[in-house]
Amino acid sequence: MAEPMKIRATLQGDVADVRILIQHPMETGQRKDAKGDIVPMHFIQSVVVTHNGNIVLDVQWSQAISRNPFLGLRVKGAKAGDKISVTWTDNKGDKRTDEVAVAAPS
Amino acid sequence: MNQLRRTFLKLSGAALALGAGLLKTTGEALAAPWNKAAFESKAVADAMKNLGAANLIDSKDIIITAPDIAENGAVVPIAVTSKIPNTQSISIIAEKNPFPLTSTHDVAHGGEGYVSVRLKMGQTSNVRAVVKADGKYYTAVKEVKITIGGCG
């Protein structure tokens, strides 16, 4: 099963700055292994970010996104304690969901 | 004996067909929301067409934050900020990648016109942001020089 994501959501005024780090190989299908065989494509196709249950960002990715992808976004009208939930799905059907609460500015 | 063999073949054939059918439908059901045609386009123009982006308007309200020179093409940090009101989606295109369209981000419910991702880039190329707002498409370009390619 996939590794947990690292998600950080920090409030700046009424905007939550959300940073997501996903552990994923993101194989392009162009790389060859030591034996010269092509490593099959394996990449995240979709990431959905919700804020208190409402979708704020619906992402579609290709294999051109770097390994262990980073995604940064900003959510308007957020308050400390609001729930930010992130779900990704890859081309093999694997998926993972993680949730954090928006932190007050430090 | 012969009859038995025939029924067996018939049945296994039917089972195979059924299996293939099932596989196909589930595959499609998964891929449906993912814009396969656009992501698998090898030319920028085709990717744009499959994205539905036409009549692009150059805009100074789109800011692409990217390094002028990226040493490692495997990790190129790109951030796109759109100040256009009612931004609905932000797509990022690396024009000289084998498959130029890298990502689309649909914004809704208070999400701001800002995304930040890290791309793989094969070679020095223009990075183009396409922003959809109120049904119109706006665009901006920034060149990123790559020292070591990150594809393959």
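Residues numbered from 1 in each chain as written. Chains lettered and ligands numbered in written order. Predicted model: local features only at pLDDT ≥ 70, side-chain atom pairs only at ≥ 80, totals over all residues.

**Focus: the overall build of chain A**
Here is the rule: Only DSSP runs of H or I with at least four residues qualify as helices, and only runs of E with at least two residues qualify as strands; both kinds are numbered from the N terminus onward. Exposed residues have 12 or fewer other C-beta atoms within 10 Å of their own C-beta, buried residues have 20 or more, and partly exposed residues fall in between, where C-beta atoms are placed from the backbone. Here the contact rule is simple: place C-beta atoms from the backbone, and any two residues whose C-beta atoms are within 7 Å are in contact.
Across its full length, chain A carries 0 helices and 7 strands. Of the regular secondary structure in chain A, the N- to C-terminal order runs β-β-β-β-β-β-β. Along the longest, intermediate and shortest principal axes, the C-alpha atoms of chain A span 55 × 25 × 20 Å. Looking at chain A residue by residue over its 106 residues, the buried ones come to 35%. Partitioning the intrachain contacts of chain A with sequence separation of at least 6 by distance along the chain shows that 57% fall at a separation of at least 24.

**Some words on the environment of V144(B)**
All names here are of chain B. Examined against the element boundaries, V144 turns out to sit in strand β9 (residues 136-148). Residue V144 is classed as buried on the basis of its C-beta count, with 22 C-beta atoms lying within 10 Å. A sequence separation of 72 residues divides V144 from N72, and the C-alpha atoms of the two residues are 11 Å apart. If sequence neighbours within four positions are ignored, V144 has contacts with A66, P67, A70, V76, M121, T124, S125 and V127.

**Some remarks on the interface of chain A and chain B**
So the rule is basically this: Think of it as three bins: nonpolar holds Ala, Val, Leu, Ile, Met, Phe, Trp, Tyr, Cys and Pro, charged holds Asp, Glu, Lys and Arg, and polar takes everything else, Gly as well. Whether two strands pair comes down to DSSP finding at least two bridges between them.
Contacts between the two partners involve 29 residues from chain A, matched on the other side by 32 residues from chain B. Mapped onto the side of chain A that touches chain B, the elements with two or more residues apiece are β3 (44-51), β4 (54-61) and β5 (70-76) of chain A. At 8 residues, the largest contribution of residues to the side of chain A that touches chain B is made by β4(A). Tallied by class, residues from the side of chain A that touches chain B come to 13 nonpolar, 12 polar and 4 charged. Of the strand pairs in this sheet, β4(A) and strand β6 (residues 101-107) of chain B are connected by 5 bridges, and their pairing is antiparallel. Note on β6(B): the bridge partner recorded for Q60(A) is T104(B).

**Observations regarding the sheet that holds strand β2 (residues 15-21) of chain A**
Test applied: Convention adopted: a line fitted to C-alpha atoms gives each axis, helices being fitted over their contacting stretch, and angles between N-to-C directions are expressed from 0 to 180 degrees.
Reading across the sheet, the 6 strands line up as β1(A)-β2(A)-β5(A)-β7(B)-β4(B)-β2(B) and stay open at both edges, with antiparallel pairing between neighbours. The open sheet terminates on both sides in strands that have one partner only, identified here as β1 (6-12) of chain A together with β2 (62-65) of chain B. Shown here is a sheet whose adjacent strand axes are inclined to one another by a mean of 15 degrees, direction ignored. As defined by bridge partners, β2(B) adjoins strand β4 (residues 76-82) of chain B across 4 bridges and the pair is classed as antiparallel. Paired with I62(B) across the two strands is S82(B), which belongs to β4(B).

**A closer look at unusual backbone geometry**
One non-glycine residue, N55(B), lies in positive phi territory at about 50 degrees. Mapped onto the elements of the fold, N55(B) is located in the loop between α3 (44-51) and β1 (57-58).

**Overview of the nonpolar core**
Filter applied, for reference: By convention in this section, buried Ala, Val, Leu, Ile, Met, Phe, Trp, Tyr and Cys residues joined through C-beta atoms within 7 Å make up a nonpolar core.
V18(A), V47(A), V49(A), L73(A) and L119(B) are the most contacted members of the largest nonpolar core, which totals 56 residues. Sort the elements by how many residues they give to this core and strand β8 (residues 125-133) of chain B lands first, with 5 residues. With near-sequence residues (within four places) excluded, L119(B) lies in contact with A64(A), I65(A), S66(A), V76(B), I78(B), A94(B) and T102(B).

**Some thoughts on the confidence of the model for chain B**
Stated precisely, the cut-off is as follows: For every residue, the predictor reports its confidence as pLDDT, a number between 0 and 100.
Model confidence for chain B is summarised by a mean pLDDT of 82, while 77% of its residues fall at 70 or above. Across the assembled chains, the prediction reports ipTM 0.88 with pTM 0.81.

**With respect to the pairing of β6(B)**
Residue and element names in this part refer to chain B. Most of β6 is tucked away: 6 of the 7 residues are buried. Inspection of the sheet shows strand β5 (residues 87-94) paired to β6 by 5 bridges, in the antiparallel sense. Within the sheet, the bridge partner assigned to I92 lies in β6 and is S103.

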